[in-house]
Amino acid sequence: MALYIDGSTDTSKLDDYEEGTFTPEIRFGGNNTGQSYAYQMGRYTKIGNRVAIHLYVKFSNKGSSTGYAHIYGLPFTAASISVGYAHCSAWMNQGNFGETTPSGYIPPSVAYYNIERQRADNNLGVSACDDTNFNNNTDMMVAGSYIV
């Protein structure tokens with residue numbers, strides 16, 4: 001039996017509330033060879049089937065792995081939903097993005113954030129990020145929510 005903010009036990013008021021931390025990790029091609037971080041912070045709040053996340057990572061060395069970039073370590077696996085991937089806002093500093101801005105989403109049935117680049121000029125399109133978009137001092141923040 002859960003106790004809720006107003007002291008009641010009515011399950012319709014709040015379902016499965018939880019707060020915690022996690023350790024986000026940027027991987028390239030699913031690997032993290034030689035990586036080290038100046039800072040890694042992840043916080044979450046889970047209410048029912050919704051998880052709100054806020055994370056910050058800063059490389060001190062991006063390592064030697066290559067391939068597409070993802071942030072691993074999310075606290076829960078996303079629900080298996082066929083449409084409506086969970087978009088989260090992203091901010092990046094000291095990256096190699098050219099005429100693009102960081103973006104991304106959490107795909108269904110995984111516990112990672114897929115990092116992408118949205119065109120910032122007059123051309124349309126989204127491209128995947130990879131190791132070439134990151135430097136040894138790149139830092140990144142992501143905030144958003146997803147369904148579990």
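As the structure is a prediction and not an experimental result, all values here were calculated from the model.

Enquirer: Let's hear about the sheet that holds strand β1 (residues 17-22): which residues, and what values?
Expert: Within the open sheet, the five strands sit side by side as β1-β3-β4-β11-β7. Their pairing is antiparallel. The sheet is open, and its two edges are formed by β1 and β7 (89-93), each paired on a single side. Within this sheet the neighbouring strands show an average axis-to-axis angle of 10°, counted without direction. As judged from the nine bridges shared by strand β4 (residues 50-61) and strand β11 (residues 139-147), these two strands associate in the antiparallel manner. Note on β11: the bridge partner recorded for V57 is M140.

Enquirer: So what about the pattern of salt bridges? Which residues, and what values?
Expert: Scanning the model with the defined rule gives two salt bridges in all. Across the salt bridge formed by D16 and K46, the nearest N and O atoms sit 2.3 Å from each other. Linking D16 in the segment before β1 with K46 in strand β3 (residues 36-47), this pair joins segments that are 30 residues apart in sequence. The class of D16 is partly exposed, set by a relative accessible area of 39%. Residue classification places K46 among the buried residues on the basis of a relative accessible area of 8%. Of the charged contacts in the structure, one is a salt bridge between E25 and R27, with a shortest N-O distance of 2.6 Å. When its relative accessible area of 25% is taken as the criterion, R27 is described as partly exposed.

Enquirer: Help me get a handle on the environment of N32, residues and values and all.
Expert: Assignment of secondary structure puts N32 in the loop between β2 (25-28) and β3. Classification of N32 by relative accessible area gives partly exposed; the value is 32%. Separated by 32 residues in the primary sequence, N32 and S64 have C-alpha atoms spaced 7.7 Å apart. Apart from the residues within four sequence positions on either side, N32 is in contact with E25, R27 and S65.

Definitions and limits used
- Residues numbered from 1 in each chain as written.
- Predicted model: local features only at pLDDT ≥ 70, side-chain atom pairs only at ≥ 80, totals over all residues.
- Heavy atoms only, no water.
- Pairing = 2+ DSSP bridges.
- Helix = DSSP H or I, 4+ residues; strand = E, 2+ residues; numbered from the N terminus.
- Axes fitted to C-alpha atoms, helices over the stretch in contact; angles between N-to-C directions.
- Salt bridge = Lys/Arg side-chain N within 4 Å of Asp/Glu carboxyl O.
- Buried < 20%, exposed > 50% of the residue type's maximum accessible area, 1.4 Å probe, protein only.
- Contact = heavy atoms within 4.5 Å.

Honestly, that's just the spatial picture; any functional story needs more than this.
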